[in-house]
Amino acid sequence: MDIGIPILTYHSIDNSGSVISTSPTKFQSQMKCLHDKHFNIISLNEMVKCIYERQTVPPKSVVITFDDGFKNIYSTAYPVLKEYGFTATVFLVPGYCGRNNQWDGQPKEIPVMDLLDWEEIREMADNSIDFGAHTMDHADLSRLLAEQAREEIVNSKHVIQKYLKKDVRLFAYPYGRLTNEIKDIIKTNFSGACSVKLDFASLESDIYTLPRIDMYYFSKNNYFEYIDTSIFFVYVKFRSILRSIRNKVVTKL
Ligand SMILES: [Zn+2]
């Protein structure tokens, strides 16, 4: 069964049990599972290129992404990725690199955690890890004036490029929030962008609102082990339906 390509979204790899956390043991076991089941870890750039050029994606492809750029990616996730020879894309908030995640709008239940510094980012960039932009300040772009949004977006791309001396072609919308105007700004500056819509990506996906699978839904159970079966597909679809019902209820309230 062709179920589409899972683009996995991790945030922090730590033991706090928060909604953005996957424990180091769980992360290690999920990467081992992908390795043992012979999945192909392709980069997000490769995936976007395949969709753009309408080429087929290698069978059993999976993409790994991290949002926000927590320091524990370097200390905990990166050694595991290296062990298995996996690539990943990390979306950075350059206005906060080397500091912590206390940006405006951060919910109180999210623990305060350190973010990657440029030295760590450079080392990973030299070793198969890609970096994308996630605005300068983790801004909710849908609430900004077009000019402010453009600055948040374009500056984040330029600062990362300046530090890495590499082209930055990928973007992730903070909180998944965007408008048509923002999408147009993204289109002129990037080759692809990730949303937070919970679904599998496919060759039909819009490369500027790629759906992903939030690993929150796999942080406290063992369903990830079914990634090569239809159980995984059904579970993701089920969570996606529940989430859209909840969002509709919340919007009505
Ligand atoms: Zn984020």
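Report follows, based on the coordinates. (Residues numbered from 1 in each chain as written. Predicted model: local features only at pLDDT ≥ 70, side-chain atom pairs only at ≥ 80, totals over all residues. Heavy atoms only, no water.)

Okay, the pairing of strand 6 (residues 88-92) next. Two faces, one strand: in a regular strand the side chains alternate between the faces of the sheet. The buried fraction of strand 6 is high, at five of five residues. Burial of the side chains of strand 6 extends over both faces: A88, V90 and L92 are buried on one face and T89 and F91 on the other. With four bridges joining them, strand 5 (residues 61-68) and strand 6 adopt parallel strand pairing. Opposite D67, over in strand 6, you have F91 as the bridge partner. This β-α-β element, strand 5 to helix 3 (residues 71-84) to strand 6, shows right-handed connectivity. (Buried < 20%, exposed > 50% of the residue type's maximum accessible area, 1.4 Å probe, protein only. Helix = DSSP H or I, 4+ residues; strand = E, 2+ residues; numbered from the N terminus. Pairing = 2+ DSSP bridges. Right-handed = clockwise from strand over helix to strand, strands pointing away.)

Let us look at the coordination of the zinc ion. Surrounding the zinc ion are the protein donor atoms D68 (OD), H134 (NE2) and H138 (NE2), at 2.1 Å. Expressed as a motif, the donor residue spacing for the zinc ion is D-x65-H-x3-H. Placement of the pair is D68 in strand 5 and H134 in the loop between strand 7 (129-133) and helix 5 (146-164), with a sequence separation of 66 residues. (Donors = N, O, S within 2.8 Å, 3.2 Å for Na, K, Ca; no water.)

Counting through the fold element by element, M124 comes out in helix 4 (residues 118-125). Residue classification places M124 among the buried positions, given a relative accessible area of 0%. Ignoring any residue separated from it by four or fewer positions in sequence, one finds M124 in contact with I73, Y74, Y78, L116, I129 and F131. (Contact = heavy atoms within 4.5 Å.)

Turning our eyes to something else, we now look at the packing of aromatic side chains. Scanning the model with the defined rule gives 17 aromatic pairs in all. Ring centres of F200 and F233 lie 5.4 Å apart, and the angle between their planes is 25°; this geometry places the pair in the stacked category. Of this pair, F200 sits in the loop between strand 9 (192-198) and strand 10 (210-214) while F233 sits in helix 7 (residues 230-252), and the two are 33 residues apart along the sequence. The exposure class assigned to F200 is buried, which follows from its relative accessible area of 6%. Given the relative accessible area of 23%, F233 is considered partly exposed. These aromatic residues form a ring-pair network of at least three members: F200, F218, Y223, F224, F232, F233 and Y235. Positioned above the aromatic ring of F39 is the side chain of K60, whose terminal nitrogen or guanidinium carbon lies 4.8 Å from the ring centre. (Phe/Tyr/Trp six-rings, centres within 6.5 Å; stacked < 30°, edge-to-face > 60°. Lys NZ or Arg CZ within 6 Å of the ring centre and 35° of its normal.)

Glancing now at the packing of helix 5 against helix 6 (residues 180-189). Between helix 5 and helix 6, the shortest axis-to-axis distance is 10 Å and the interhelical angle comes to 30°. Judged by the inter-axis angle, helix 5 sits roughly parallel to helix 6. Considering how the two elements wind past one another, helix 5 and helix 6 form a crossing that is right-handed. Residue-level inspection shows A146, A149, R150, I153, V154 and K157 of helix 5 in contact with helix 6, the latter providing E181, I182, I185, I186 and N189. Of the residues in the contact of helix 5 with helix 6, the class split is seven nonpolar, one polar and three charged. (Axes fitted to C-alpha atoms, helices over the stretch in contact; angles between N-to-C directions. Parallel < 35°, antiparallel > 145°, perpendicular 65-115°, else oblique. Left-handed = near helix turned anticlockwise from the far one by under 90°. Nonpolar A, V, L, I, M, F, W, Y, C, P; charged D, E, K, R; others polar.)

Quick look at unusual backbone geometry now. You will see that R54, though not glycine, has its phi angle at about 55°, which is positive. One non-glycine residue, T135, adopts positive backbone phi at about 75°. Along the chain, T135 turns up in the loop between strand 7 and helix 5. Exposure remark for T135: the relative accessible area of 0% places this residue in the buried category.

Here we come to a nonpolar patch on the surface. A cluster of nonpolar side chains, namely Y223, Y226 and I231, defines an oily patch on the protein surface of about 280 Å² accessible area. Structurally, the position occupied by Y226 is in the loop between strand 10 and helix 7. Y226 gets classed as partly exposed once you look at its relative accessible area, which sits at 36%. (Patch = residues over 30% accessible without salt bridge, like charges linked within 9 Å, V, L, I, M, F, W, Y side chains within 5 Å. Areas by Shrake-Rupley, 256 points an atom, 1.4 Å probe, with all protein chains shown as cover. Salt bridge = Lys/Arg side-chain N within 4 Å of Asp/Glu carboxyl O.)

Once that is clear, we can look at helix 4. Listed in full, the buried residues belonging to helix 4 are W118, E120, I121, M124 and A125. End-on view of helix 4: buried residues confined to an arc of 160°, all on one side of the axis. Turning to helix 4, the residues buried within the fold contact helix 3, strand 6, strand 7 and helix 5. A distance of 3.1 Å separates the backbone nitrogen of E119 from a side-chain oxygen at the start of helix 4, and that oxygen is part of D117. (Arc of directions from axis to C-beta. Polar contact = N/O pair within 3.5 Å; in protein donor to acceptor, adjacent residues only side chain to side chain.)

Just geometry here; none of it tells us what the structure is for.
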